[in-house]
Amino acid sequence: MTPGPRADEGTTLRVAVDRARCCGSGNCVLAVPEVFEQDDADGLVLLRDPAPRAALRERLDRAVDLCPAGAIRVG
Ligand code: SF4
C-alpha cells in the first residue's frame, strides 16, 4: 500500500522578512534558497517566495534560528 497524501500537502506558509533588521549574513539563503536570496545591491535579504509550501517548514524554522538579526518570521 502506498502512503496517502500528507494532511498539509498543498498548504502554504507565510514568510516575512524585515530588511531594516537584516545584516546580510546570508544564513537564510544557505538554509532555504527557494525562499530567500540576497540583494546584489546591498547584500540584504530578499524574499523570493512569501508563501512557500508547508514541506519547507523545518528548513524555514532553521533559517529563523540561524538569523542573527531576528529578521525572519514564519507563520
Ligand atoms: S539570516 Fe537574517 S540577517 Fe542574515 S541575510 Fe537572512 S534575514 Fe538577513
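The notes below deal with the structure included here. The shown structure was predicted, so the numbers you read here are calculated from the model rather than taken from an experiment.

Here's the deal with the overall build of the chain
- The helix and strand tally for the chain stands at two helices and four strands.
- Beginning at the N terminus, the succession of helices and strands in the chain can be written as β-α-β-β-α-β.
- Residue burial in the chain is summarised as follows: out of 75 residues, 31% are buried.
- Of the roughly 5,000 Å² of accessible surface on the chain, a fraction of 50% belongs to carbon and sulfur atoms.

A look at the site of the ligand
- The environment of the ligand is formed by Cys 22, Cys 23, Gly 24, Ser 25, Gly 26, Asn 27, Cys 28, Val 45, Cys 67, Ala 69, Ala 71 and Ile 72.
- More than half of the atoms of the ligand fall within 2 Å of the grid points belonging to the largest cavity.
- Within the shell around the ligand, the residues separate by chemical class into eight nonpolar, four polar and no charged.

Thoughts on empty space enclosed by the protein
- Here the structure, examined in full by the defined rule, presents one cavity of 30 Å³ or more.
- Of the residues contributing to the lining of the largest cavity, the split by class is 10 nonpolar, six polar and no charged.

Here we look at the nonpolar core
- Judged by nonpolar contacts, the single largest core of 20 residues is most densely connected at Val 32, Phe 36, Leu 60 and Ile 72.
- Sort the elements by how many residues they give to this core and helix α1 (residues 27-31) lands first, with three residues.
- The contact partners of Val 32, leaving out residues within four places of it in the chain, are Leu 56, Arg 59, Leu 60 and Ala 63.

Considerations on the pattern of salt bridges
- All chains considered together, the criterion is met by four salt bridges.
- Between Arg 19 and Asp 39 there is a salt bridge, and its shortest N-O distance comes to 3.5 Å. Taken together, the residues Arg 19 in the loop between β1 (15-17) and α1 and Asp 39 in the loop between β2 (36-38) and β3 (45-47) connect sequence positions 20 residues apart.
- For Arg 19, a relative accessible area of 31% puts it in the partly exposed group.
- What makes Asp 39 buried here is its relative accessible area of 19%.
- A salt bridge links Arg 19 to Asp 42; its shortest N-O distance comes to 2.8 Å. Residue Arg 19 is found in the loop between β1 and α1, and its partner Asp 42 is found in the loop between β2 and β3; the two are separated by 23 residues along the sequence.

What counts and what doesn't
Residues numbered from 1 in each chain as written. Predicted model: local features only at pLDDT ≥ 70, side-chain atom pairs only at ≥ 80, totals over all residues. Heavy atoms only, no water. Helix = DSSP H or I, 4+ residues; strand = E, 2+ residues; numbered from the N terminus. Buried < 20%, exposed > 50% of the residue type's maximum accessible area, 1.4 Å probe, protein only. Areas by Shrake-Rupley, 256 points an atom, 1.4 Å probe, with all protein chains shown as cover. Near = heavy atom within 4 Å. 1 Å grid on protein atoms, 1.4 Å probe; cavity = no way out; pocket = protein on both sides within 12 Å on 5 of 7 lines; lining within 4 Å. Sits in = over half its atoms within 2 Å of the grid points. Nonpolar A, V, L, I, M, F, W, Y, C, P; charged D, E, K, R; others polar. Points joined across faces, edges and corners; volume = space filled by probe spheres on them. Core = buried A, V, L, I, M, F, W, Y, C linked by side-chain atoms within 4.5 Å. Contact = heavy atoms within 4.5 Å. Salt bridge = Lys/Arg side-chain N within 4 Å of Asp/Glu carboxyl O.

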